[in-house]
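Results of the structural survey
One-letter residues, chain by chain:
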Amino acid sequence: MAASCVTKVELTVSCENLLDKDVGSKSDPLCVLLMDTSGNQWFEVDRTERVKNCLSPKFAKKFVVDYYFEVVQKLRFGIYDIDNKTIDISDDDFLGEFECSLGQIVSSSKLTRPLMLKNKKPAGKGTITISAEEIKDNRVVNFEMEARKLDNKVECYDYDSDGSHDLIGIFETNMKRLQEASRTTPAEFECINSKKKQKKSYKNSGVVCVKVCQITKEYTFLDYIMGGCQINFTVGIDFTGSNGDPKSPDSLHYISPQGVNEYLSAIWSVGLVVQDYDSDKMFPAFGFGAQIPPSWQVSHEFPLNFNPANPFCAGVEGVVEAYRMCLPQVKLYGPTNFAPIINHVARFALQALQQNTASQYYVLLIITDGVITDMDQTRGAIVAASRLPMSIIIVGVGKADFTDMEILDGDDGRLKSIKGEPAVRDIVQFVPFRKFQNAPKEELARCVLAEVPGQVVTFFNMMKLLPPKPNTPVDSPNGPPQN
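Residues numbered from 1 in each chain as written. Predicted model: local features only at pLDDT ≥ 70, side-chain atom pairs only at ≥ 80, totals over all residues. Heavy atoms only, no water.

**Some points on helix 10 (residues 452-462)**
Going by this rule: The cut-offs for exposure are 20% and 50% of the maximum accessible area for each residue type, with area from a 1.4 Å probe on protein chains only; residues under the lower value are buried, those over the upper are exposed, and the others partly exposed. Segments assigned H or I by DSSP are reported as helices when at least four residues long, segments assigned E as strands when at least two residues long, and all are numbered from the N terminus.
Those residues of helix 10 lying buried are V452, P453, Q455, V456, V457, F459 and F460. One or two steps after helix 10, the chain reaches K464, where phi turns positive at roughly 55 degrees.

**Some points on the side chain of T378**
Condition: Note on contacts: a residue pair is in contact if any heavy atoms of the two residues lie within 4.5 Å.
Mapped onto the elements, T378 comes out in helix 7 (residues 375-385). Sequence-distant contacts of T378, defined by excluding residues within four places in its chain, comprise F338, A339, I342, I372 and L408.

**Overview of the pattern of salt bridges**
Formally: By definition here, a salt bridge exists when the distance from a side-chain nitrogen of Lys or Arg to a carboxyl oxygen of Asp or Glu is within 4 Å.
Taken as a whole and assessed by the stated rule, the structure comprises eleven salt bridges. Here E44 makes a salt bridge to R47, at a shortest N to O gap of 2.7 Å. With a relative accessible area of 39%, E44 lands in the partly exposed category.

**Topic: the pairing of strand 13 (residues 187-190)**
Convention followed: Two strands pair under a simple rule: DSSP has to find at least two bridges between them.
Burial along strand 13 is one-sided: the residues A187 and F189 are buried and none of E188 and E190 is. Pairing analysis gives four bridges linking strand 13 to strand 14 (residues 207-210), with the strands arranged antiparallel. Residue F189 lies in a different strand from strand 14, and its bridge partner there is V208.

**Examining the packing of helix 6 (residues 339-354) against helix 7**
Put simply, the rule reads: For helices, the fitted line uses only the C-alpha atoms of the stretch in contact; every axis is such a line through C-alpha atoms, and the angle between N-to-C directions lies from 0 to 180 degrees. When an angle is under 35 degrees it counts as roughly parallel; over 145 it counts as roughly antiparallel; between 65 and 115 it counts as roughly perpendicular; any other value is oblique. Crossings are sorted by hand: turned counterclockwise from the far helix by less than a right angle, the near helix makes the crossing left-handed, and turned clockwise it makes it right-handed. Residues are grouped as follows: Ala, Val, Leu, Ile, Met, Phe, Trp, Tyr, Cys and Pro are nonpolar; Asp, Glu, Lys and Arg are charged; all remaining types, including Gly, are polar.
It is the contact of helix 6 with helix 7, at a shortest axis distance of 9 Å, that shows an interaxial angle of 15 degrees. As the angle between them shows, helix 6 and helix 7 are arranged roughly parallel. Note on packing geometry: the crossing formed by helix 6 with helix 7 is left-handed. Residues A339, I342 and N343 of helix 6 lie in contact with helix 7, whose contacting residues are Q377, T378, A381 and I382. Per-class residue counts for the contact of helix 6 with helix 7 are four nonpolar, three polar and no charged.

**Considering the sheet that holds strand 22 (residues 331-332)**
What holds strands together in a sheet is hydrogen bonding between their backbones, with the strands either parallel or antiparallel. Spatially, 19-18-22 is the arrangement adopted by the three strands of the open sheet, whose pairing is antiparallel. Both outer strands of the open sheet, strand 19 (297-299) and strand 22, are each paired with one neighbouring strand and no more. As paired strands, strand 18 (residues 290-292) and strand 19 are joined by three bridges and run antiparallel to one another. Residue pairing for strand 19: I292 is matched across the bridge by Q297.

**What about the nonpolar core?**
For clarity, the cut-off: Only buried residues count toward a nonpolar core, which is a set of Ala, Val, Leu, Ile, Met, Phe, Trp, Tyr and Cys residues joined through side-chain atoms within 4.5 Å.
Of all hydrophobic cores here, the largest spans 117 residues; its most connected members are L11, F77 and F239. Of the residues forming this core, the biggest block, nine residues, is contributed by helix 6. Core analysis: the next-biggest nonpolar cluster, separate from the first, contains twelve residues, M175, A181, A187 and F189 among them.

**Quick word on unusual backbone geometry**
Residue P294 is reached from P293 by a cis peptide bond, and omega for that bond is 0 degrees. Within the secondary structure, P294 is located in the loop between strand 18 and strand 19. Look at the link from G334 to P335: it is a cis peptide, with omega at 0 degrees. Structurally, P335 is set in the loop between strand 22 and helix 6. Despite not being glycine, K281 has its phi angle at roughly 50 degrees, a positive value. The residue K281 is located in the loop between helix 4 (262-274) and strand 17 (282-288) in this model. At K464, a residue that is not glycine, the phi angle is positive and equals roughly 55 degrees. Its location among the elements puts K464 in the segment after helix 10.

**Points about the state of the cysteines**
Filter applied, for reference: The disulfide definition used here is simple: a pair of cysteine sulfur atoms within 2.5 Å.
Per the stated rule, a full pass over the model turns up zero disulfides. The structure places no disulfide on C156, whose sulfur is separated from the nearest cysteine sulfur, that of C191, by 3.6 Å.

**Here's the deal with helix 4**
Applicable threshold: Here the expected length of a helix is defined as 1.5 Å per residue gap, with one fewer gap than residues.
The end-to-end C-alpha distance of helix 4 is 18 Å, a good match for the 18 Å that 13 residues give at a rise of 1.5 Å each. Within helix 4, ten of the 13 residues are buried, leaving the element largely enclosed by the surrounding structure. Along helix 4, the residues classified as buried are E262, Y263, L264, A266, I267, S269, V270, G271, V273 and V274. Packed against the buried residues of helix 4 are strand 16 (230-238), helix 5 (315-326), strand 23 (360-368), strand 24 (390-396) and helix 9 (442-449).

Have a look at this one:
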């Protein structure tokens, strides 16, 4: 599994029209940032400076936080009027606060977001504005080797396959010198090995000649998200007979008195993360493997709300409600076919690709209990989808043998269609739900979503598509693609 995507984000805070708690002067506001990533366990991240006598402060100190796509990082910004020098803020006047997620901030196309403060006692007054900016690492410079900084000490080694490389020499350079290099007037650098300098006859260990220097900007996942790229989330749910009668407590579709089952847990876990990256939060949700009314024909691509013209559900809550309403109206049947739902989402992704912009990316969550029946067709569908802005997450519920799913995952080798055509990139992530039954509820999403940022970047880089420009509105598809 790929390492999770983590990067640093700077948050700049400013406020307008704060409450005035002081007599004879104005409030002296300070902002405290708290974070919660595991459910009502808040911890303080940092504080800004105190701004004296100001009801519309623009705090100079920035909050620097680690950003993870696969985690819901709840933030709470509290504003206080500070009238003493103690660290404890419980004795200072509380001016208001608000909560949001870090995902909501970074997905707002790098626009500042005015939000009304909420005060626990009197009605809140004033607004607070947050803007986010990714902290850029120095970019990679390619010239036969990778130099991680723009001003460099470059070490040259004699390569050995067993890893015991021998140092040839070292030279220093800078970006200006490298950029001035050309084929007619190359930049030349003597490689010096300090251990050999003791010899009087030693001059150098060779000369490195740079004839061309090209700087390639490498865009990150946040560059695309903050530039306006939308993550479109679709859910596909297995309604095959192997799940068992939903009315029986032994069924995987049985909803407990607490209102949960493994299907609902997977929807909530993944959906709560992804919803922050879709501006309209309208998610298509489909079922497969059931007989549906009124004809009772088996369908492998039916909307949970039974409205083919508008299969969208309002937020994760809407998907959950549609699932609960759908269960008693269908007859679980079979077989377990994945290809129809994959191809359905792929048609949307193909339309997005034809726009030739990095404005849309599709994530399909499939929740299933059993062995795939249309394995050959599914492999072909995934190979075709690997050329589209699309990722597939498969969560296996129950106790079935999920060996086939591991094949689709592609971590042990590139997936190929039945015709031998290889996937151009790995777009499938599979996990069995049973691995997370005793883990915190956030762990499932952390695991299945960890590879998505890298898949997004890999695809757009492969297509040579730059992030959309900030402040450019992005259209979302309004319904099924027209044939």
